[in-house]
Amino acid sequence: MRVEGVMKTPIFITFEGGEGTGKTTQLGLLQKRLEKLGREVTLTREPGGTPLGVEIRRHLVANSNDPPVPTAELFLYAADRAQHVEGVIKPALAAGHVVLCDRYADATVAYQGFGRGLDRSLINELNKIATGGLWPKRTLLIELDHSEGVRRSLAREAALDEAESRFEEEEAAFHKRVAEGYRALMKENRDRFRLIDGDGTVEEVEVRVWEALKDLFGEAS
């Protein structure tokens, strides 16, 4: 894609973190900032970034009398991701967009690997297949005390007609394991990950987010 004779380099950025860390809010703010800089932005999420993904999402995050067992949960996330990569992410990158994604393959390692205790090698193989080897240029891990994050998320979900609180209602030990999983992933992928303190006002976190990304857009200061 060319704008005024300048090729816009496609950039894939993901946001990760536990429940209620403010990812969705910060993604929206970042989208507006980048659009003001003249970038075309595709904002998407997992699960639920495609029509098929919307259907899968209902089974994964909504409360149910028949929730998927951990292994079924893992395969549903992989199916959502495969459809998402081919149907949304790759085409947007090919068009020169900045793709901002609310969770991606790292979330499966943190939630289904560390949280559920499923086999890491199986998860890695499914991620390899589902992503087709496509990984983000940068991943922001927004970190917040898990008890505060769950409290925020449950308060938000309470106002919705159809609550998506299946993960919020997991025991505290589950959320602690997820947080530990994200920290482990960050240590394994130091070049890609940036840690963002999610505590503070929306504006304060927004500043931290941009500090962690501005070098990708030619902003040195």
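Right, let's walk through the structure included here. Since this is a predicted model, take the numbers as computed values, not measurements. (Residues numbered from 1 in each chain as written. Predicted model: local features only at pLDDT ≥ 70, side-chain atom pairs only at ≥ 80, totals over all residues. Heavy atoms only, no water.)

1. Comments concerning the sheet that holds strand β4 (residues 41–45)
To keep things clear, this is the line we draw: Here, a strand pair is defined by DSSP locating no fewer than two bridges between the strands. The helix count covers DSSP runs of H or I at least four residues long, the strand count covers runs of E at least two residues long, and both are numbered beginning at the N terminus. Axes here mean lines fitted to C-alpha atoms, for a helix over just the part in contact, with angles spanning 0 to 180 degrees between N-to-C directions. Between two residues, a contact is recorded if the distance between any of their heavy atoms is within 4.5 Å.
The strand order across the open sheet formed by five strands is β4-β5-β3-β6-β7, and the pairing between neighbours is parallel. Edge strands, defined here as strands with exactly one partner in the open sheet, are β4 and β7 (193–197). Between one strand and the next, the sheet's axes are offset by a mean angle of 20 degrees, whatever the strand orientation. Packed onto the sheet, helix α3 (residues 70–94) meets β3 (11–16), β4 and β5 (98–102) and runs at close to 160 degrees relative to β4. Lying on the sheet, helix α8 (residues 202–213) is in contact with β3, β6 (138–143) and β7; it crosses β7 at an angle near 165 degrees.

2. A short note on the nonpolar core
Rules: We call a set of buried Ala, Val, Leu, Ile, Met, Phe, Trp, Tyr and Cys residues a nonpolar core when their side-chain atoms join them within 4.5 Å. Burial classes: relative accessible area under 20% of the type maximum marks a residue as buried, over 50% as exposed, and values in between as partly exposed (1.4 Å probe, protein chains only).
Residues Tyr111, Phe167, Val178 and Tyr182 are the most contacted members of the largest nonpolar core, which totals 21 residues. Of all the secondary structure elements, the ones that give two or more residues to this core are α2 (51–61), α3, α4 (105–115), α5 (120–131) and α7 (172–188). Sorting elements by how many residues they give to this core places α7 first, with five residues. Counting residues in hydrophobic clusters, the runner-up holds 19 residues, among them Ile13, Val98, Leu140 and Ile196.

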